[in-house]
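The primary structure of each chain is shown beneath.
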Amino acid sequence: MSTPTLSRTLLSGSPEETHRLGLRLGQLLQPGDFVGLVGDLGAGKTHLVRGVAEGAGVSRSEVASPTFAIVYPYRGRLPLYHADLYRLADYDELYATGFLDLVGGDGAVLVEWLDRIPEAAPREFLRITLRDAGEESRELVAEAWGARPAELLEAWLPANR
Ligand SMILES: Nc1ncnc2c1ncn2[C@@H]1O[C@H](COP(=O)(O)OP(=O)(O)OP(=O)(O)O)[C@@H](O)[C@H]1O
Ligand SMILES: [Mg+2]
């Protein structure tokens with residue numbers, strides 16, 4: 001990967017804090033935004049996604065864990081597409097799902113396990129990597145490639161907090 005336009009690192013001290021971080025990100029999402037989530041099993045990707053969905057105005061009952069489908073569409077302040085690439089073999093299989101037609105479209109896109117098929121990401125996107133940092137602690141590394149993703153990241157996690 002090339003060097004990101006902007007990156008930020010922070011620690012979340014609890015699942016609730018991760019949820020709140022997601023909520024703030026969800027409030028900032030615009031159509032066309034693409035957010036990729038990377039991290040091991042139990043790293044906190046889905047906790048973050050649930051926060052994002054709430055911040056984007058999606059009702060809690062709509063948010064599933066994408067177990068049976070590859071892409072779940074949610075209706076919020078804007079359409080939100082939640083995908084999980086965990087069980088996909090490769091780009092061709094992803095292509096066949098129609099997911100790629102949603103990228104850069106009318107809604108924002110959130111993708112868990114982006115590292116399984118990195119080519120799923122558009123040229124400009126935000127990537128959030130979560131790492132277990134012990135007990136309830138998780139390190140979040142957010143990296144933006146491109147002007148809009150960098151603007152989104154700066155609004156989400158301002159340098160001077
Ligand atoms: N700071 C934290 N942020 C998020 N989750 C945390 C944190 N501390 C502990 N946890 C726990 O870690 C787990 C995270 O689960 P979650 O389903 O969000 O992970 P995931 O990355 O989506 O995993 P999977 O790839 O298996 O779906 C939960 O059990 C949650 O309670
Ligand atoms: Mg998950």
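Residues numbered from 1 in each chain as written. Chains lettered and ligands numbered in written order. Predicted model: local features only at pLDDT ≥ 70, side-chain atom pairs only at ≥ 80, totals over all residues. Heavy atoms only, no water.

Here is the rule we go by: UniProt positions are given in the numbering used here, feature names are shortened, and annotations may be inferred rather than shown by experiment.
You'll find the protein entered in an unreviewed UniProt entry as tRNA threonylcarbamoyladenosine biosynthesis protein TsaE, with Archangium lansingense given as the organism. For the record of the protein, the UniProt heading Sequence similarities (unreviewed entry) holds the text "Belongs to the TsaE family." Among the UniProt annotations of the protein, the heading Subcellular location (unreviewed entry) holds the following wording: "Cytoplasm".

## Structural notes on the coordination of the magnesium ion (ligand 2)
Using the following cut-off: For Na, K and Ca the donor cut-off is 3.2 Å, and for all other metals it is 2.8 Å, counting N, O and S atoms only; because water is absent from this set, sites may look incomplete. Going along the chain from the N terminus, every DSSP run of H or I of four or more residues is numbered as a helix, and every run of E of two or more is numbered as a strand.
Taken together, T46 (OG1) and E112 (OE) make up the full set of protein donors to the magnesium ion (ligand 2), lying 2.1 to 2.6 Å away. Note that T46 is positioned in helix α2 (residues 45-55) and E112 in strand β5 (residues 108-112), a separation of 66 residues in sequence.

## Here's the deal with α2
Heads up, the rule is: Relative accessibility thresholds used throughout: buried, under 20% of the residue-type maximum; exposed, over 50%; partly exposed, between the two (1.4 Å probe, protein chains only). Note on contacts: a residue pair qualifies if any of its non-hydrogen atoms lie within 4.5 Å across the two residues.
Those residues of α2 that fall on the buried side of the exposure criterion are K45, L48, V49, G51, V52, A53 and G55. Buried residues in α2 make contact with α1 (15-28), β2 (34-38), β4 (79-84), β5, β6 (125-132) and β7 (138-145). Following α2 by one or two positions, G57 adopts a phi angle in the positive range, close to 85 degrees.

## Here's the deal with the side chain of T18
Tracing the backbone through its elements, the reader meets T18 in helix α1. Ignoring sequence-local partners within four residues, the contact set of T18 consists of S12, G44, H47 and L48.

## So, the pattern of salt bridges
Should their charged atoms come close, side chains of opposite charge can pair. For the record, the criterion: For this document, the term salt bridge refers to a Lys or Arg side-chain nitrogen within 4 Å of an Asp or Glu carboxyl oxygen.
By the definition in use, this model includes eight salt bridges. Among the salt bridges present, the one from E154 reaches R8, with a minimum N-O distance of 2.4 Å. You can see E154 sitting in helix α4 (residues 147-156) and its partner R8 sitting in strand β1 (residues 6-12), a full 146 residues away along the chain. For E154, a relative accessible area of 32% puts it in the partly exposed group. Residue classification places R8 among the buried residues on the basis of a relative accessible area of 16%. In this structure, E143 engages R127 in a salt bridge whose closest nitrogen and oxygen atoms are separated by 2.9 Å. Of this pair, E143 sits in strand β7 while R127 is found in strand β6, placing the two residues 16 residues apart along the sequence. Residue E143 is classed as buried on the basis of its relative accessible area of 15%. Several salt bridges share partner residues, and in doing so they unite D33, R148 and E151 into one network.

## Regarding the site of ligand 1
Convention followed: Near residues are defined by distance, with any heavy atom within 4 Å of the molecule or strand qualifying the residue. Any pair of N or O atoms that falls within 3.5 Å is considered a polar contact. Within protein, one atom must be able to donate a hydrogen and the other to accept it, and sequence-neighbouring residues count only if both atoms are side-chain atoms. We get accessible surface area from the Shrake-Rupley algorithm with a probe of 1.4 Å; when it comes to residues, only the shown protein chains can shield them. Here a cavity denotes grid points, spaced 1 Å and computed from the protein atoms alone, that fit a 1.4 Å probe unable to get out, and a pocket denotes an open set having protein on both sides within 12 Å along at least 5 of 7 lines; residues with an atom within 4 Å of a point are the lining. Should more than half of a molecule's atoms lie within 2 Å of a pocket's or cavity's grid points, that molecule is taken to sit in it.
Around ligand 1 there are 16 residues in total, and T18, G42, K45, T46 and E136 lie nearest to it. S12 places a side-chain nitrogen or oxygen 3.2 Å from a nitrogen atom of ligand 1. Separating an oxygen atom of ligand 1 from a side-chain N or O atom of W113 is a distance of 3.2 Å. For ligand 1, whose accessible area on its own is 640 Å², the fraction buried by protein is 75%. Here ligand 1 is seated within the largest pocket.

## Re a negative patch on the surface
Threshold: To count toward a patch, a residue needs a relative accessible area above 30% and no salt bridge. Like charges then connect within 9 Å, nonpolar side chains (Val, Leu, Ile, Met, Phe, Trp, Tyr) within 5 Å. Counted as positive: Lys and Arg. Counted as negative: Asp and Glu, with His and the chain ends omitted from the count. Charged groups are reduced to one reference atom each: NZ for lysine, CZ for arginine, CG for aspartic acid, CD for glutamic acid.
The grouping of D90, D92, E93 and E119 at the surface amounts to a negative patch. Relative to the elements of secondary structure, D90 occurs in the loop between β4 and α3 (91-97). Residue D90 is classed as partly exposed on the basis of its relative accessible area of 37%.

## With respect to the environment of L157
Within the secondary structure, L157 is located in the segment after α4. When its relative accessible area of 0% is taken as the criterion, L157 is described as buried. C-alpha separation for the pair L157 and R8, spaced 149 residues apart in sequence, amounts to 7.3 Å. Residue contacts for L157: discarding those within four places in its chain leaves R8, L10, L21, R24 and A142.

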